[in-house]
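Now for the letters of each chain:
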Amino acid sequence: MPKLRIDNREVEVAAGTTLLAAAAKLGIRIPALCHLEGCDAQTSCLVCLVKVNGGSRLVPSCATVAVEGMVVESETAEVRSFRKAAIELLLAEHAGDCYAPCENVCPAHMDIPTMMRNIEAGDLRAAVATVKKAIPLPATLGRICPELCEKGCRRASRDDSVSICSLKRYVGDKDLAKGGGNSPYLPECKPASGKSVAIVGSGPAGLTAAWFLRQNGHAVTLFDDHPLPGGALRYAIAEELLPRATLNAEIDLIRALGSGEGVTFVMNTRVDAGKMAELKRDFDAILLAAGPVDQEKAAALGADYVGKGIKVDRKTLQTQEPKVFAAGSALIPLQHAIRAVADGKNAAKHMHAFLIAEAREQGGGGEFASRMGRLTDAEMDRFFAETPTFPREIPHRGGGGGTKDGLSDSQAVREASRCAHCDCSKLDSCRLHDVAMSYQANPARYRGTRREFQRQSVHPLIVYESGKCILCGLCVAIASRAAEPLGLTFIGRGFNVKVGVPLNAEFSKALERVARECVAACPSGALDLRYDAPAERDANPPIRLSLPQLRT
């Protein structure tokens, strides 16, 4: 049994063990996109490179066998640089969006396509949970939002955008209207953290920050000099546009969040220099979300003033005093409540990290998104080939008091079905996205002309988007091992190689036994289950492979 050293740690492994497996025994996770237990090493992605014995070249750890006395480097700057380059080369031709254009445009980055799928399936509980992962006030914002997401809707250039804001309002209204013992949705909160947060201002930024901080177990108290919470939502927007009953109901849900006292509101309280000193003494963190400030007000709050608002670190929203953060119009006057909501969400994220003293890893873990950009007319035709063509639903109008009715149940389902689902539905299990994010890869570094968007959905279980394929070879190997009658193979030469069906046969005939196994193994979302795929397994029992932890 050979002994070797990986990153200065000794390990003994069985003869024939690869360096990838040896590292795993030490708890060292080397990224690998084309590796799967039970299949021969593909050595196609080159993301698992390591350096051995100080040599001048790097080798794939998935195919290199451990030898007595080996010295392996897996986490040096040089190794990470080569891995990053390998990832960026895989992304150079990637024809796929991680997030839908509408979600990219939404300041709060709400998962709009998932909400659409929830509505279409009639699962309104799941729909409101989806919305409230980003926006705690959907019934409110659904009435006043400037529809920025709809301007980003890919369908807008085809005929007319999906009525995203009306559907967001529909979900919020249906949740508030729960009756017969069914309570409106409240997310679970983590156990009490022992940390307390003071929020100055109960407008959209402050309310949103309270929503997310409370979910992380922190005690939250909002201070406001008005008699009722809501800030500009209550005092700057007409009743006919935003009924106060709707606003009050959504604020009450924030108030009730979590066990015990929930979120505390202290109204009719002006925070001046003296009060600010008390807050700094009594709370572990403070968020300044009191709306527009001038230099005098910023000074009273103990904050530096720059430009049109409080000076903060633009990434963390932290002021010069580490425990004090600021968000919303306190930074710069905002015209749209959704931008204040986005600020409150971002502030809560960084305040939580501050409160739990979260360590930040060196040089990794940032946000990442692949984007196709503008589609050609031919690509648009393929993209919308299976999307309904009927026109946009307009909400019914009526009722008194200047209010208007929203979408009916049938209208909402019909409108949600107009969504083309531009997102990557496999994002949560996409290993290419994971490693790209971990290595802070730049998808445009080597990009020339990306591959065309293609989608084959004739298979009863799966969808194949060849533009996302990284030629890892796993689906080819799985089909071959399962003795699929046709299976998949590599077609073409050089830069024109692609995965296809032998003899130019229909894709629907390619995978009859192990379609789901190929989907599970695919590292890039090129193969995914259809939305309407039956829950039961294929009629022919598949040959099962060992599918351990597929995500690196």
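Note that the structure is a prediction, hence the values are computed from the model and not measured.

Draft legend 1. Main features of the overall build of the protein. The secondary structure content of the protein amounts to 19 helices and 16 strands. Relative to its length of 552 residues, the protein is compact, with a C-alpha radius of gyration of 27 Å against a globular reference of 24 Å. If one aligns the C-alpha atoms of the protein with their principal axes, the spans along those axes are about 70 × 60 × 45 Å. Contacts in the protein between residues far apart in sequence, at least 24 positions, make up 69% of those at least 6 positions apart. With the model as given, the accessible surface of the protein reaches about 25300 Å², and the carbon-plus-sulfur share is 50%.

Draft legend 2. Representation of helix H16 (residues 409-416). Every buried residue of H16 is accounted for by Gln-411, Ala-412, Glu-415 and Ala-416. Each buried residue of H16 lies within a common arc of 125° when the element is viewed along its axis, so the set occupies one face. Close packing links the buried residues of H16 with helix H4 (112-120) and helix H8 (164-176).

Draft legend 3. Broad picture of the sheet that holds strand E6 (residues 196-200). Spatially, E8-E7-E6-E9-E12 is the arrangement adopted by the 5 strands of the open sheet, whose pairing is parallel. Two strands close off the open sheet at either side, each with one partner strand: strand E8 (264-266) and strand E12 (324-326). Each adjacent strand pair in this sheet contributes to an overall mean axis angle of 20°, direction not counted. Relative to E8, strand E7 (residues 219-223) is paired through 3 bridges, and the arrangement is parallel. Looking at E8, one finds that Phe-223 is bridged to Val-266. Against the sheet, helix H9 (residues 204-215) contacts E6, E7, E8 and strand E9 (285-288), and its axis sits at roughly 170° relative to E7. The sheet contacts of helix H12 (residues 273-282) involve E6, E7, E9 and E12, and relative to E9 the element is tilted by about 140°.

Draft legend 4. Highlighting the pattern of salt bridges. For the structure on display, the rule yields 24 salt bridges. Between Arg-155 and Asp-159 there is a salt bridge, with its nearest N and O atoms 2.9 Å apart.

Draft legend 5. Representation of the packing of aromatic side chains within the structure. Taken as a whole and assessed by the stated rule, the structure comprises 5 aromatic pairs. Their ring planes at 45° and their centres at 5.0 Å tell us that Phe-383 and Phe-453 sit as a pair that is tilted. Linking Phe-383 in helix H15 (residues 377-383) with Phe-453 in the loop between helix H17 (431-438) and strand E13 (462-464), this pair joins segments that are 70 residues apart in sequence. Phe-453 shares its class with Phe-383; the two are buried. A network of ring pairs unites the aromatic residues Phe-383, Phe-384 and Phe-453 as a single cluster. It is Arg-154 that lies over the ring of Phe-383; its NZ or CZ is 5.0 Å from the centre. A cation over an aromatic ring shows up here: Arg-414 above the ring of Phe-390, its NZ or CZ 3.8 Å from the ring centre.

Draft legend 6. Seen up close, the pairing of strand E1 (residues 3-6). Alternating residues of E1 divide into Leu-4 and Ile-6, all buried, and Lys-3 and Arg-5, none buried. Inspection of the sheet shows E1 paired to strand E2 (residues 9-12) by 4 bridges, in the antiparallel sense. Across the sheet, the residue bridging to Arg-5 is Glu-10, located in E2.

Draft legend 7. Structural context of the packing of H9 against helix H11 (residues 244-255). Packing of H9 against H11 leaves a shortest axis separation of 9 Å and a crossing angle of 35°. Crossing handedness for the pair H9 and H11: left-handed. Together, Leu-207, Ala-210 and Trp-211 of H9 and Ile-251, Leu-253 and Ile-254 of H11 make up the contact between the two elements. Its residues assigned to classes, the contact of H9 with H11 comprises 6 nonpolar, no polar and no charged.

Draft legend 8. Structural view of the domain arrangement of the protein. In terms of domains, the protein is made up of domain 1 (3-92), domain 2 (101-184 + 369-416), domain 3 (196-355) and domain 4 (452-552). In this structure, domain 2 and domain 3 have C-alpha centres spaced 27 Å apart. At the interface, 24 residues of domain 2 touch 23 residues of domain 3. Between domain 2 and domain 3, roughly 2100 Å² of surface is buried when both sides are summed, and carbon and sulfur atoms account for 74% of that area. Contact with domain 3 buries area across many residues of domain 2, yet Pro-136, Leu-137 and Ile-144 alone supply 26% of it, more than any other trio. Inspection of the region where domain 2 meets domain 3 yields 0 salt bridges. Contributing elements (two or more residues each) for the side of domain 2 that touches domain 3: helix H6 (138-144) and H8. Residues that form the side of domain 2 that touches domain 3 fall into these classes: 15 nonpolar, 5 polar and 4 charged.

Draft legend 9. Looking closely at unusual backbone geometry. The phi dihedral of Gln-440 falls on the positive side, at around 50°, and the residue is not glycine. Assignment of secondary structure puts Gln-440 in the loop between H17 and E13. Residue class for Gln-440 comes out partly exposed when judged on its relative accessible area of 42%. We note that Leu-471 has phi near 60°; this positive angle belongs to a residue other than glycine. Counting through the fold element by element, Leu-471 comes out in the loop between E13 and helix H18 (474-481).

Basis of the calculations
- Residues numbered from 1 in each chain as written.
- Predicted model: local features only at pLDDT ≥ 70, side-chain atom pairs only at ≥ 80, totals over all residues.
- Heavy atoms only, no water.
- Helix = DSSP H or I, 4+ residues; strand = E, 2+ residues; numbered from the N terminus.
- Rg over C-alpha atoms; globule rule 2.2 N^0.38 Å.
- Contact = heavy atoms within 4.5 Å.
- Areas by Shrake-Rupley, 256 points an atom, 1.4 Å probe, with all protein chains shown as cover.
- Buried < 20%, exposed > 50% of the residue type's maximum accessible area, 1.4 Å probe, protein only.
- Arc of directions from axis to C-beta.
- Pairing = 2+ DSSP bridges.
- Axes fitted to C-alpha atoms, helices over the stretch in contact; angles between N-to-C directions.
- Salt bridge = Lys/Arg side-chain N within 4 Å of Asp/Glu carboxyl O.
- Phe/Tyr/Trp six-rings, centres within 6.5 Å; stacked < 30°, edge-to-face > 60°.
- Lys NZ or Arg CZ within 6 Å of the ring centre and 35° of its normal.
- Left-handed = near helix turned anticlockwise from the far one by under 90°.
- Nonpolar A, V, L, I, M, F, W, Y, C, P; charged D, E, K, R; others polar.
- Domains from an automatic or database assignment.
- Buried area = accessible area lost by both parts, 1.4 Å probe.

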